[in-house]
Amino acid sequence: MRGGVRTVSGQVVHTLVADLDVSPGAVRDGRRLLSGGERARADRFVFELDRHRFVAARALLRTLLGRILSLPPASLEFTYGSHGKPELTPALAGSGIRFNLSHSDGRALVAWSHEAAVGADLERVRPVAYGDAVARRFFSDDEQASLRGLEGAAWDEAFFRCWTRKEAYVKAIGDGLHIPLRSFSVPVGERAERARIVVHAAAGTPEWTLDQVAAGAGFVAAVVSEGGPVVAERAGRTIALAGS
């Protein structure tokens, strides 16, 4: 695992990147931490690998939040927004902890903060079928311009840098696909630290700050928070978290 910290006007946003391909024993231990609803969701996966990764991701989140709140991980309860974003139940809302989870192909990203809304997204870089058409449909003119002239692996990585940064923003504000993805722009370059999200034709929009997250070879990741964060990385072992 690796992690980080970002400071936004006095706020700190923490990130943690972890592997989800853990031992069978860790999966069994992690499953005991899940709620009945989470276990039911896990059981709906057709493939065992996907099921195990889902269990590991949810156990990781519960273990992490349990440590922050000094509560048993299995005791935590969540509510979900109209577009699926999880939050702590009102009984724990007084803690001020805001968080978000993303996982892709055996790797997970968790972002959390006290008070500041956060969104996180992580993706494995891979060739995209009809990538140009996807970019034309969902990316702003500025973002599409940043992709021009790139080819092959460089284009694929730039595409997913853009995609994860846009998804992190959408998840941070919690409105899901109701936000037209072309209605805002993110930086697409290799470096993005405390970058601003540009929302087109939207007066009075709150300030949101983007940071890239180091997710390891073959992956790209981003976190967006309300205000202006500094991300601090944390390290550890997924097995220890999932099994504790």
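Residues numbered from 1 in each chain as written. Predicted model: local features only at pLDDT ≥ 70, side-chain atom pairs only at ≥ 80, totals over all residues. Heavy atoms only, no water.

Participant: Describe the packing of aromatic side chains, and please don't skip the residues or the numbers.
Facilitator: Counted by the stated rule, this structure contains 10 aromatic pairs. A ring pair is formed by Phe-139 and Trp-163, whose centres lie 6.3 Å apart and whose planes are at 45°; its orientation type is tilted. Of the two residues, Phe-139 is situated in the loop between helix 5 (131–138) and helix 6 (141–147) and Trp-163 in helix 7 (residues 152–173); the sequence distance between them amounts to 24 residues. Assigned by exposure class, Phe-139 and Trp-163 land together as buried. (Phe/Tyr/Trp six-rings, centres within 6.5 Å; stacked < 30°, edge-to-face > 60°. Helix = DSSP H or I, 4+ residues; strand = E, 2+ residues; numbered from the N terminus. Buried < 20%, exposed > 50% of the residue type's maximum accessible area, 1.4 Å probe, protein only.)

Participant: Which residues make up unusual backbone geometry, and what values do they have?
Facilitator: Phi is positive for Asp-105, close to 45°, though the residue is something other than glycine. Mapping Asp-105 onto the fold places it in the loop between strand 5 (97–104) and strand 6 (107–114). Its relative accessible area of 41% is what places Asp-105 among the partly exposed residues.

Participant: Kindly report on the packing of helix 1 (residues 24–33) against helix 3 (residues 48–69), identifying the contributing residues and their values.
Facilitator: The description of two packed helices rests on the angle between their axes and on the distance between the axes. Two elements in contact, helix 1 and helix 3, have axes whose closest approach is 8 Å; the angle formed by their N-to-C orientations is 60°. In terms of their interaxial angle, helix 1 and helix 3 are classed as oblique. Like other packed secondary-structure pairs, helix 1 and helix 3 cross with a definite hand, here left-handed. Residue-level inspection shows Val-27, Gly-30, Arg-31 and Leu-33 of helix 1 in contact with helix 3, the latter providing His-52, Val-55, Ala-59, Arg-62 and Thr-63. Within the contact of helix 1 with helix 3, the residues separate by chemical class into four nonpolar, three polar and two charged. (Axes fitted to C-alpha atoms, helices over the stretch in contact; angles between N-to-C directions. Parallel < 35°, antiparallel > 145°, perpendicular 65-115°, else oblique. Left-handed = near helix turned anticlockwise from the far one by under 90°. Contact = heavy atoms within 4.5 Å. Nonpolar A, V, L, I, M, F, W, Y, C, P; charged D, E, K, R; others polar.)

Participant: Could you give me a rundown of the pattern of salt bridges, with the residues and numbers involved?
Facilitator: Under the criterion given, the structure shown has 12 salt bridges. Note that Glu-87 and Arg-98 form a salt bridge whose closest N and O atoms lie 3.6 Å from each other. In this pair, Glu-87 sits in strand 4 (residues 86–88) while Arg-98 sits in strand 5, placing the two residues 11 residues apart along the sequence. Owing to a relative accessible area of 27%, Arg-98 belongs among the partly exposed residues under this scheme. One salt bridge connects Asp-141 with Arg-182, and the closest N-O pair in it is separated by 3.1 Å. (Salt bridge = Lys/Arg side-chain N within 4 Å of Asp/Glu carboxyl O.)

Participant: Tell me about the pairing of strand 5, and name the residues and values.
Facilitator: Most of strand 5 is tucked away, with six of its eight residues classed as buried. In the sheet, strand 5 pairs with strand 6 via eight bridges, with the strands oriented antiparallel. Counterpart to Ser-104 in the pairing with strand 6 is Arg-107. Turn length for the strand 5-strand 6 hairpin, with the two strands adjacent in sequence and antiparallel, is two residues, and the turn residue Asp-105 shows positive phi of about 45°. (Pairing = 2+ DSSP bridges.)

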